[in-house]
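Structural features, examined
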Amino acid sequence: MPAQVISGKILSKEMREKMANEVLEYQSKGYRLPHLVVILVGDNPASKSYVSGKEKACMEIGIKSTIIRLEESTTEEEVLALVNKINLDDDIDGLLVQLPLPKHISEDKVINTISIDKDVDGFHPLNVAKLHLGEECLKPCTPKGIITMLKSANIEISGKEAVVVGRSNIVGKPVAQLLLDNNATVTICHSRTKDLKEVCRRADILVAAIGKPRFITSDMIKEGAVVIDVGVNRLENGKLCGDVCYDDMLDIASYITPVPGGVGPMTITTLLENTLEIYKAKVIK
Ligand code: NDP
């Protein structure tokens, strides 16, 4: 049987419709709108496009979004002062600072300054620590979105062999933790992993977060594996492709996520979900 496609686009649409209704309901009860602030420093084209995608998604479901666009030359002190000001503003629920920041601004310092209660990206070290301790926290959007996708397709995670290729702080490590929390047996691979192919072939669930176009080939997965492709790579012809040889997997995998239209839209949907989560905890009585 050909692999079933887990469409992040379709799932996102369903989730966003539900969230839009929820926001309408709160509004009708007299509550203020949920409010997300995004700080964008400089004019990195990819960052600009990500930020406008987030702005559009907020608009779609009725979350108020404020995009603060700052010049490339903005100093670290100015960014930190702005973050501190937003932290104190009770009418703002979520804050994210679009990465990467210009070289003269320390990303660590900026992320450390965001209030952990407004940290919609779940990047603050205290949220990271809580995630790894299994405590209630704001979870990073891409990994959380991946778990939502697996669950939406009724894929059993418990007891399964999960292999994550990639060990970044924003995808690889947290998705491994979330899979572990769901009782998978997890292996994390990286550029120094020996016999990557053999390790990947053990996977019931394979998550590819590498950043190399079509790196995972069909001989690296076992029959019936669930393949989650996080990679977003721009080809020379301008098209996007994932880290997985999608077409070749279709006859082998049981489930697969496409690129585009897979994990990407779910990342933004989870950002909306996190913003609503903060808002509800704070505003809804
Ligand atoms: P990073 O560059 O931070 O991490 C890549 C990881 O891949 C590293 O751990 C690296 O290993 C590993 N790796 C690189 N080469 C190999 C190899 N030959 N064999 C095994 N492992 C290898 O990337 P990110 O985690 O930030 O992103 C990964 C991909 O996901 C990118 O394409 C990115 O654009 C995409 N992405 C998509 C998102 C979405 O919403 N769809 C969100 C975030 C990212 P090592 O640590 O040893 O260097």
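The preceding data block contains the structure.
For the structure given in this document, a descriptive report is provided here.

Side note on the nonpolar core
Nonpolar side chains tend toward joint burial in soluble globular proteins. The biggest cluster of nonpolar side chains holds 52 residues, and the ones touching the most others in it are L150, L179, V207 and I228. In terms of residue count, the dominant contributor to this core is helix α10 (residues 263-283) (8 residues). Setting aside residues up to four positions removed in sequence, L179 forms contacts with I147, L150, I157, A162, V164, A184, V186 and V207. Listed in part, the 20 residues of the second largest apolar core include V199, M220, A225 and A253.

Things to note about the packing of helix α6 (residues 141-152) against α10
Two elements in contact, α6 and α10, have axes whose closest approach is 8 Å; the angle formed by their N-to-C orientations is 105°. Taken together, the axes of α6 and α10 are roughly perpendicular relative to one another. Side by side, α6 and α10 meet where C141, T142, K144, G145, I146, T148 and M149 of the first sit next to V263, M266, T267, T270, L271, E273, N274 and E277 of the second.

Looking at the sheet that holds strand β8 (residues 226-229)
Strand order in this open sheet of 6 strands is β1-β11-β8-β7-β5-β6, and the pairing throughout is parallel. Two strands close off the open sheet at either side, each with one partner strand: β1 (4-5) and β6 (185-189). As defined by bridge partners, strand β5 (residues 161-165) adjoins strand β7 (residues 205-208) across 4 bridges and the pair is classed as parallel. Bridge pairing links V164 to V207 in β7. Docked against the sheet, helix α7 (residues 172-181) engages β5, β6 and β7, running at close to 170° with respect to β5.

What to know about the pattern of salt bridges
With the rule as written, the count across this model stands at 15 salt bridges. Residue R32 pairs with D91 through a salt bridge whose shortest N-O separation is 3.5 Å. Of the two residues, R32 is situated in the loop between α1 (8-28) and β2 (35-41) and D91 in the loop between α3 (76-87) and β4 (94-97); the sequence distance between them amounts to 59 residues. For D91, a relative accessible area of 47% puts it in the partly exposed group.

Here we look at the side chain of N233
Along the chain, the position of N233 falls in strand β9 (residues 233-234). Separated by 3.0 Å, the side chain of N233 and the backbone oxygen of G242 make a polar contact. The contacts of N233, once residues within four sequence positions are left out, are G211, K212, P213, K239, L240, C241, G242 and D243.

Side note on the side chain of T275
Structurally, T275 is set in helix α10. With residues up to four places along the chain from it excluded, the contact list for T275 reads H35, L36, I63, D93 and V120.

Observations regarding the packing of aromatic side chains
Applying the stated criterion across every chain, the model contains 2 aromatic pairs. Geometrically, the ring pair formed by Y26 and Y31 is edge-to-face, given 6.4 Å between the ring centres and 80° between the ring planes. For Y26, a relative accessible area of 11% gives the class buried. We classify Y31 as partly exposed; its relative accessible area is 24%. Each residue in the set Y26, Y31 and Y279 is aromatic and connected to the rest through ring pairs, giving one cluster.

Focus: the sheet that holds strand β3 (residues 64-70)
Taken in spatial order, the 3 strands make up an open sheet running β3-β2-β4, and their pairing is parallel. Single-partner strands in this sheet number two, and they are β3 and β4. Taking each pair of neighbouring strands and ignoring which way they run, the sheet shows an average axis angle of 15°. Note that β2 and β3 share 7 bridges and pair parallel. Looking at β3, one finds that V41 is bridged to L70.

Side note on the environment of I268
Checked against the element boundaries, I268 lands in helix α10. Here the alpha-carbon distance between I268 and E55, two residues 213 residues apart in the chain, equals 9.9 Å. Not counting the four nearest positions on each side in its chain, I268 is found in contact with R16, G53, K54 and A57.

Some words on the environment of G231
Positionally, G231 belongs in the loop between β8 and β9. With 10 residues separating them along the chain, G231 and C241 place their C-alpha atoms 7.4 Å apart. Here G231 is in contact with A208, C241, G242, D243 and V259, once residues within four sequence places are set aside.

Quick notes on the site of the ligand
Within the structure, the ligand sits among 22 residues, and R167, S168, S191, V232 and T267 are positioned closest to it. Interatomic distance of 2.7 Å between a side-chain N/O atom of R167 and an oxygen atom of the ligand. Residue H190 places a main-chain N or O atom 3.5 Å away from a nitrogen atom belonging to the ligand. Considered on its own, the ligand offers 920 Å² of accessible surface; in the complex 70% of this is hidden by protein. Element by element, the count of residues in the shell around the ligand is highest for α10, at 3 residues.

Cut-offs used in this document
Residues numbered from 1 in each chain as written. Predicted model: local features only at pLDDT ≥ 70, side-chain atom pairs only at ≥ 80, totals over all residues. Heavy atoms only, no water. Core = buried A, V, L, I, M, F, W, Y, C linked by side-chain atoms within 4.5 Å. Buried < 20%, exposed > 50% of the residue type's maximum accessible area, 1.4 Å probe, protein only. Helix = DSSP H or I, 4+ residues; strand = E, 2+ residues; numbered from the N terminus. Contact = heavy atoms within 4.5 Å. Axes fitted to C-alpha atoms, helices over the stretch in contact; angles between N-to-C directions. Parallel < 35°, antiparallel > 145°, perpendicular 65-115°, else oblique. Pairing = 2+ DSSP bridges. Salt bridge = Lys/Arg side-chain N within 4 Å of Asp/Glu carboxyl O. Polar contact = N/O pair within 3.5 Å; in protein donor to acceptor, adjacent residues only side chain to side chain. Phe/Tyr/Trp six-rings, centres within 6.5 Å; stacked < 30°, edge-to-face > 60°. Near = heavy atom within 4 Å. Areas by Shrake-Rupley, 256 points an atom, 1.4 Å probe, with all protein chains shown as cover.

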